[in-house]
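Chain and residue survey
Chain by chain, the residues:
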Amino acid sequence: MTDLLAPSVVPPTSDADPFADEHLRDPGPLHRALREAGPVVHLARYDVHALARYEEVHAALVDWQTFESGAGVGLSNFRHEKPWRPPSLLLDADPPAHDAPRRVLREILAPPALRRLSAAWRSVAEDLVDDVLAQGAEFDAYAALAKAFPLRVFPDAVGLPPGDRDNLLPYGNVAFNAFGPRNALVAADAHRVAELSAWVNAQCVREVLDDDGFGARIWAAADRGDLTHEQAPLVVRSLLTAGVDTTVHGLSAALYAFSTHPEQWQRLRERPELARVAFDEAVRWQSPVQTFFRTATTDVTVAGTVIRAGTKILMFLGSANRDPARWQDPDRFDLARDPSGHVGFGMGIHQCVGQHVARLEAEALLTALARRVERIELAGEPERHLNNTLRAWASLPVRVHRAA
Ligand code: OVM
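Numbers given for residues are sequential positions, taken from 1 along each chain in its written order. Thresholds applied to this predicted model are a pLDDT of at least 70 for local features of residues and 80 or more for the giving and counting of side-chain atom pairs; totals over whole chains, interfaces and linings are not thresholded and use all residues. With hydrogens and water stripped out, all remaining heavy atoms of the structure feed into the side-chain values.

Within the open sheet, the 3 strands sit side by side as E5-E13-E10. Their pairing is antiparallel. Two strands lie at the open edges of the sheet, namely strand E5 (138–140) and strand E10 (373–378), each paired on one side alone. When the angles between neighbouring strand axes are averaged without regard to direction, this sheet yields 30°. Two residues qualify as a contact provided that any one of their heavy atoms is within 4.5 Å of a heavy atom in the partner residue. Fitted lines through C-alpha atoms give the axes, limited to the stretch in contact for helices. The angle between two N-to-C directions lies from 0 to 180 degrees. By definition, any uninterrupted DSSP run of H or I lasting at least four residues is a helix, any uninterrupted run of E lasting at least two residues is a strand, and each is numbered from the N terminus. Against the sheet, helix H16 (residues 355–372) engages E10 and strand E13 (397–402), with an angle of about 105° to E10. A pair of strands is treated as paired once DSSP finds two or more bridges between them.

Below, the discussion takes up empty space enclosed by the protein. Site definitions follow a grid-based scheme: protein atoms alone, a 1 Å grid, a 1.4 Å probe that fits but cannot get out for cavities, and for pockets an open set with protein on both sides within 12 Å along at least five of seven lines, plus lining residues having an atom within 4 Å of a point. Grid points are joined across faces, edges and corners, and a volume is the space filled by probe spheres set on the points. Tallied over the full model, the rule gives 2 cavities of 30 Å³ or more. Space inside the largest cavity adds up to approximately 770 Å³. Looking at the largest cavity, it is lined by 39 residues, and the ones nearest its centre are Leu91, Ala242, Thr246, Cys352 and Val353. At the level of elements, helix H4 (99–108), helix H11 (232–242), helix H12 (245–260), helix H14 (275–286), strand E6 (291–296) and H16 are the ones that each hand at least two residues to the lining of the largest cavity. Residue contributions to the lining of the largest cavity peak at 4 residues, all from H11. Residue type decides the class: Asp, Glu, Lys and Arg count as charged, Ala, Val, Leu, Ile, Met, Phe, Trp, Tyr, Cys and Pro as nonpolar, and the leftover types, Gly among them, as polar. Within the lining of the largest cavity, the residues separate by chemical class into 23 nonpolar, 12 polar and 4 charged. For the second largest cavity, the lining is made up of 15 residues, of which Pro18, His23, Leu24, Pro27 and Gln290 are closest to its centre. Looking at the lining of the second largest cavity, the elements that each hand over two or more residues are helix H1 (21–25) and helix H2 (28–37). Of the residues belonging to the lining of the second largest cavity, the class tally is 7 nonpolar, 7 polar and 1 charged.

Moving on: the pattern of salt bridges. When a carboxyl oxygen of Asp or Glu lies within 4 Å of a side-chain nitrogen of Lys or Arg, that pair is called a salt bridge. Under the definition given, this model contains 23 salt bridges. Residue Arg399 pairs with Glu138 through a salt bridge whose shortest N-O separation is 2.9 Å. With Arg399 in strand E13 and Glu138 in strand E5, this pair connects stretches of sequence that are 261 residues apart. Between Arg206 and Asp223 there is a salt bridge, with its nearest N and O atoms 2.5 Å apart. Of this pair, Arg206 sits in the loop between helix H9 (193–203) and helix H10 (214–224) while Asp223 sits in helix H10, placing them 17 residues apart in sequence.

Here we have 6 strands laid out as an open sheet, ordered E1-E2-E3-E9-E6-E4, and mixed in their pairing. One side of each edge strand has no neighbouring strand; the edge strands of this open sheet are strand E1 (13–14) and strand E4 (67–68). Relative to strand E2 (residues 41–43), E1 runs parallel, the two being bridged by 2 bridges. Residue pairing for E2: Thr13 is matched across the bridge by His42. Strands E1, E2 and strand E9 (312–316) of the sheet are contacted by H2, whose axis makes an angle of about 130° with E2. On the sheet, helix H3 (residues 54–62) packs against strand E3 (48–51), E4, E6 and E9 and is oriented at approximately 125° with respect to E9.

Spelled out as structure tokens, the structure:
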């Protein structure tokens, strides 16, 4: 709240571009510098305010009245600039508009509704791991597992027609780049935006979707009057935008973590029920979604700094998840820690509605692998895929030693 009697602190300014290749490739040093500079840092290049400490990121995430999403959660302000696609009814929305789409998706993606998928997904994971191991002890764990598994189970669960799913990751790449500035990463895919958007929109119509998937359930909610029929395809689009790259790179993060922390892999093998907490710890440690913006709805004072109404605020989720003021030994990937409270899935009313789906995928894949593999280690230098929002991978070469 603005205290009219307290003097306003002028925040430190940084010239850094968090969306430059250098920082996307290795965000740790910039995150540390921003956290140490102060609770609020002015980013001169974009004229936005940055929050890199856990306390302020968490506070902004839970205060949706002051830090709105309706102006878009990227750098672009939808009140002044035309959005690149019709805004998401979930991500780019505030109550009350946000409430109905959120309630519908929450029910469709809640743990009880996922139970019917669990056995099938375990068996797909076991088959996939068997196939990969049969081909040799060295492989690219990004392509063979982290990317292959979600693409095998998730589009089917949504109810997409069989066949061509090769557009999902390229569309996600465009969508997650679009939250950042219009830099070279955005320009690189500009020629595909119309085609990819048309493809995704075509997957969201009722006629195309299997009648037993998440997509059909969204349309059924519209029939019941819980949504309008105009909203239904956009809610399906949210699943296809938010549900693929995030899990692919979250699983990659877990596989990378275990490939570099053999003692943690041992722990998982001894106690496979740790698979879910391991996935959350990997999400904390790597933060597949690194950043989102909010917009101040009013002049607001954050740690003494007045942020003017209409200002964009960049929240560094990945930095909050490594803030030493919140986490002991934050750079350690450690199954013994309690990672709950991490902001890798966000926090508050927008917290990832698909997180139970992601955990189910992770549990299926990690337990299938843990049962068959005694040791997993890097077999080469992993390659990052640069994206304005995602901490993503291009390859993760590993070598495995099979269990007896
Ligand atoms: C959406 C959406 C898109 C990207 C990310 C996200 C992480 C949601 O279209 O609703 O959440």
